[in-house]
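Below are the chains, spelled out letter by letter.
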Amino acid sequence: MLRKTIGWLWLMWIVLFLVLPAGQVQAQAATPEVILLTANGPLTPIMADYLERGLQVAFERRAEVVVLQLDTPGGSIDLMNRMIRDIRASSVPVVVYVSPRGAVAGSAGTMITLAGHVAAMAPETTIGAASPVGLQGEDIGETMESKVKESLKASARALTAERGAEATRLAEETIESARAATVEEALAVGLIDLRASDLDDLLEQLDGRTVTVLERPLALNTRNAIVFPVNYTFIEDILQTLVNPNLVFLLLAIGVQAILIELSNPGGWAAGFIGIVCLLLAVYGLGILPVNWFGILFIVIAIVLFILELYTPTFGLLTAAGTISFIAGALVLFNTARAPGFAPVSIPLVVGTGLIFAFTFLAVVTFAIRAQRTPIQTGKESLPGQIGIAQTELNPRGTVLAAGEQWMAELVDPEEAPLPEGSRVEIVATQGLLLKVRKIK
């Protein structure tokens, strides 16, 4: 009887050990998880990489849904198409949510919103104005504009095929005539699916909704979901800030200044290293920003003038000309190419930085010239012009104490010989280890 009781107890323990963990895993698996991504500002390669990484995280964590919180004035068509492809190829449903209040899904952001398996907008947000422009914000040629618009409208029709004819018509109007719509207008014609005041409201409305993912219907379970935000990495944060033209200009200015300092005083490494890093970051930013590359010509001319000032000092004339060229180049580079969502560079910042640049460079050049002209203060090269004391009779040779050391010395004028011990002499020149001296009269 005792053996049977012990056997039953062991069996119960084994069952509890096996069943309870499985029950806990099932309970954990039953709790849905939502991956939250954030895309603010103009489209950049970093933003596209971030979206791709976020979708991969969602797949690996078996998330219920991905929410892409979007606020963008738009960006290049290539980046837009890349992000649309990633969204449509995702096995995890993607909800594009234009948020927070006041946000906009402009230009390329319109198409990205429509690419979501669910499109949602917060109150006081807008969508549209998707007419294409050139890389520098300029109007494109009539033939090219027609081709690009027709391609975009075809994509819009494909993305709104299940949203109804009115939604398709509005989507095409955002491309053809740059029309923009409020959240209420977009919701009324079915261009978007939901109007949600915040993320909690969005998840509540998504619960139980059926979406088509990779041609398969999928019911969403977002009630009591755990929100898992995927943040930008440290490097992504740094590179993402390089869409600010003011920062890119400062990096360019610091990089050029540091390289010039290294050229004016070679042998160190700190200034050169800082200059190279700043210039590399600036070049990356210039590759993203809409810029007029003609401005680079003025900046190159400015650098040449600064270098000439190093080797042919003109008392600041070349520096002044280089400063004017640098300021003009920066303004042409950043402020003559305008695209939606990209701010211009600050004119006071450019002028102020240019003047500081000039004064700093002049100070460096002045110190470098003084250093070159300063007599050498150590070694035998510093002895000419100094006073020595004869340690022995100079007839015409002997020994002289100079600069705290005893030297062999010879009178330049043999007629001054013999010169008695203790006489003061002036060192005229050095010849190997022999000093040429003369009597001080």
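Trainee: Is there a simple way to explain the overall build of the protein chain in this structure?
Mentor: Scanning the protein chain from terminus to terminus reveals 14 helices and 16 strands. Within the span of the protein chain, comprising 441 residues, buried residues form 42% of the whole. Residue pairs at least 24 apart in sequence account for 68% of intrachain contacts in the protein chain once pairs closer than 6 positions are excluded. Accessible surface for the protein chain amounts to roughly 23,500 Å². Of this, 62% is attributable to carbon and sulfur atoms.

Trainee: How should the pattern of salt bridges be read in this particular structure?
Mentor: Side-chain pairing between opposite charges can occur once the charged atoms of the two side chains come close. Enumeration over the complete set of coordinates arrives at 16 salt bridges. Ionic pairing is found between Arg179 and Glu173, a salt bridge with its closest N-O pair at 2.6 Å. When its relative accessible area of 36% is taken as the criterion, Arg179 is described as partly exposed. For Arg397, the salt bridge is made with Glu410, and the minimal N-O distance between the two is 3.1 Å. Pair noted here: Arg397 is in strand S13 (residues 397-402) and Glu410 is in strand S14 (residues 405-411), with a separation of 13 residues, a long-range link. You can call Glu410 buried: its relative accessible area is 16%. Each member of the salt-bridge network shares a partner with another, and the members are Asp49, Glu52 and Arg82.

Trainee: In this structure, what is going on with the environment of Leu206? I would like to understand it.
Mentor: Along the chain, the position of Leu206 falls in helix H8 (residues 199-206). Residue classification places Leu206 among the buried residues on the basis of a relative accessible area of 0%. Each C-alpha atom of the pair Leu206 and Val65 lies 9.6 Å from the other, and the pair is 141 residues apart in sequence. The residues touching Leu206, leaving out its near neighbours within four places in the chain, are Val95, Val118, Leu194, Leu220 and Thr222.

Calculation notes
Residues numbered from 1 in each chain as written. Predicted model: local features only at pLDDT ≥ 70, side-chain atom pairs only at ≥ 80, totals over all residues. Heavy atoms only, no water. Helix = DSSP H or I, 4+ residues; strand = E, 2+ residues; numbered from the N terminus. Buried < 20%, exposed > 50% of the residue type's maximum accessible area, 1.4 Å probe, protein only. Contact = heavy atoms within 4.5 Å. Areas by Shrake-Rupley, 256 points an atom, 1.4 Å probe, with all protein chains shown as cover. Salt bridge = Lys/Arg side-chain N within 4 Å of Asp/Glu carboxyl O.

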